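Topology and contacts: notes
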Amino acid sequence: MTIWDLHCHPSTFLREGSPEAALQATLRHADRMGIARMCIYLGIERSEDPPPHELHAANDYILRCLRLAPDRLFGFAYVNPNYVAESLAEIERCIADGPMVGIKLWVAHRCSDTRIDPIIRRAGELKAAIFQHTWLKTDGNWPGEPTPADIVLLSRRHPNIPMICGHTGGTWELGIRAVRAQKILSIDLAGSDPTNGFVELAVRELGADRIIYGSDSGGRSMASQLAKVYGANVDEATKEKIFSGNLRRMLLPILEAKGIKA
Ligand SMILES: [Zn+2]
């Protein structure tokens, strides 16, 4: 199986020291677990509402990683809908004029709010992958933290732009159902416990083409996250799609535009 991991943070493998050292640590784990390529994003600082200098620093961190192993990595630019102009500038710097191929949105502001729209439109024009963290927390989300229902509302405003519902909302039994009818949305398997039945329910409700493998490593181990797919009671062709086929298909237009080998 060819495995592409949608969701990796080198800075969580090694919180101190250079991006290069953290990436080397990440690659050691990836090599051991048979991960061919990884999408990487975020730097060391983790403010809930990152100011522009933090976005810039995070993206610089990722740009340095990309230089070290461009054939193994896809970089996503970190952006924040509370700073639209600065986020658009980061998209130009890192994607339009740089090597990155996607954007990462975290917990600064709920994506159902229209203030995010210029960011989504520009990412859509560039065919950049759009990754939005989502969660459904039993004890309440952080103030700006989106749920799967938020990304559904966002997607309805941009019905032709593919996006990824990060973590499937964590509470995946609800997350899968929340996004089911919005067929252009894909889900990310990363970052929850490797519970039996997650992948099977996703395949049954969404079909094999809307599910993308990710680990959220080093916040989660690569092995535990791989187990969700390896251990799922689905056929091998479905596992291939989840492990790399679906992400490859999503990234292909921007990879081709940039001359990056897929
Ligand atoms: Zn993550």
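Use the structure listed above.
The structure displayed is predicted, hence computed values, not measured ones.

Brief notes about the overall build of the protein chain
- Counting its secondary structure elements, the protein chain contains nine helices and eight strands.
- Taken across its 262 residues, the protein chain has 55% of its residues classed as buried.
- Long-range pairs, those at least 24 residues apart, make up 76% of the contacts in the protein chain with a sequence separation of at least 6.
- Total accessible area computed for the protein chain in this model is approximately 10,500 Å², and 52% of it derives from carbon and sulfur atoms.
- When the 31 positive and 31 negative side-chain charges of the protein chain are each reduced to one mean point, those points stand 4 Å apart.

Considerations on the coordination of the zinc ion
- Distances from the zinc ion to its protein donors, His7 (NE2), His9 (NE2) and Asp216 (OD), fall at 2.0 to 2.2 Å.
- In primary-sequence terms, the residues that donate to the zinc ion follow H-x1-H-x206-D. Note that His9 is positioned in the loop between strand 1 (4-8) and helix 1 (19-33) and Asp216 in the loop between strand 8 (211-212) and helix 8 (222-230), a separation of 207 residues in sequence.
- Exposure remark for His9: the relative accessible area of 4% places this residue in the buried category.

What to know about the nonpolar core
- Within the largest apolar cluster, 83 residues are counted, with the highest numbers of intra-cluster contacts made by Leu6, Met38, Ile95, Ile103, Ile187 and Leu251.
- Aside from chain neighbours lying at most four places away, what touches Leu6 is Cys39, Tyr41, Phe76, Phe131, Ile164, Asp188, Ile212, Tyr213, Gly214 and Leu247.

Some remarks on helix 8
- Taken as a whole, helix 8 has its buried residues at Met222, Gln225, Leu226, Lys228 and Val229. Across the axial projection of helix 8, the buried residues extend over an arc of 140°, all falling on one side.
- Those residues of helix 8 that are buried lie in contact with helix 1, strand 2 (37-40), helix 7 (198-206) and helix 9 (236-258).

A look at the side chain of Arg210
- As for its position among the elements, Arg210 is in the loop between helix 7 and strand 8.
- At 8.8 Å, Asp209 is the nearest oppositely charged side chain to Arg210, a buried residue that forms no salt bridge.
- Engagement of the side chain of Arg210 in a polar contact is seen with the backbone oxygen of Val179, the distance being 2.8 Å.
- With near-sequence residues (within four places) excluded, Arg210 lies in contact with Val179, Arg180, Gln182, Lys183, Leu185, Ser186, Ile187 and Asn246.

A word on the environment of Leu189
- Within the element layout of this structure, Leu189 appears in the loop between strand 7 (185-188) and helix 7.
- The exposure class assigned to Leu189 is buried, which follows from its relative accessible area of 0%.
- Residues Leu189 and Asn246, 57 residues apart in the sequence, show an inter-C-alpha distance of 13 Å.
- Excluding anything up to four places from it in sequence, Leu189 contacts Thr168, Phe198, Val199, Ile211, Ile212, Tyr213, Gly214, Gln225, Lys228, Val229 and Ile242.

Considerations on helix 4 (residues 117-125)
- When helix 4 is considered as a whole, its buried residues turn out to be Asp117, Ile119, Ile120, Ala123 and Gly124. Seen from one end, helix 4 has its buried residues packed into an arc of 160°, which puts them on one side.
- Summarising the contacts, the buried residues of helix 4 are in contact with strand 3 (73-79), helix 3 (84-96), strand 4 (102-105), strand 5 (129-133), helix 5 (148-157) and strand 6 (163-166).
- Trailing helix 4 by a residue or two, Lys127 shows a phi angle of about 60°, which is positive.

Some details on the sheet that holds strand 1
- The parallel open sheet is built from eight strands, whose spatial order is 1-2-3-4-5-6-7-8. Strand pairing shows two members of the sheet lacking a second neighbour, strand 1 and strand 8, which therefore form its edges.
- When strand 3 meets strand 4, the two strands line up parallel, connected through four bridges. From the neighbouring strand, Ala77 faces strand 4, where its bridge partner is Ile103.

Parameters at a glance
- Residues numbered from 1 in each chain as written.
- Predicted model: local features only at pLDDT ≥ 70, side-chain atom pairs only at ≥ 80, totals over all residues.
- Heavy atoms only, no water.
- Helix = DSSP H or I, 4+ residues; strand = E, 2+ residues; numbered from the N terminus.
- Buried < 20%, exposed > 50% of the residue type's maximum accessible area, 1.4 Å probe, protein only.
- Contact = heavy atoms within 4.5 Å.
- Areas by Shrake-Rupley, 256 points an atom, 1.4 Å probe, with all protein chains shown as cover.
- Lys, Arg positive; Asp, Glu negative; His and termini not counted.
- Charge placed at Lys NZ, Arg CZ, Asp CG, Glu CD.
- Donors = N, O, S within 2.8 Å, 3.2 Å for Na, K, Ca; no water.
- Core = buried A, V, L, I, M, F, W, Y, C linked by side-chain atoms within 4.5 Å.
- Arc of directions from axis to C-beta.
- Salt bridge = Lys/Arg side-chain N within 4 Å of Asp/Glu carboxyl O.
- Polar contact = N/O pair within 3.5 Å; in protein donor to acceptor, adjacent residues only side chain to side chain.
- Pairing = 2+ DSSP bridges.

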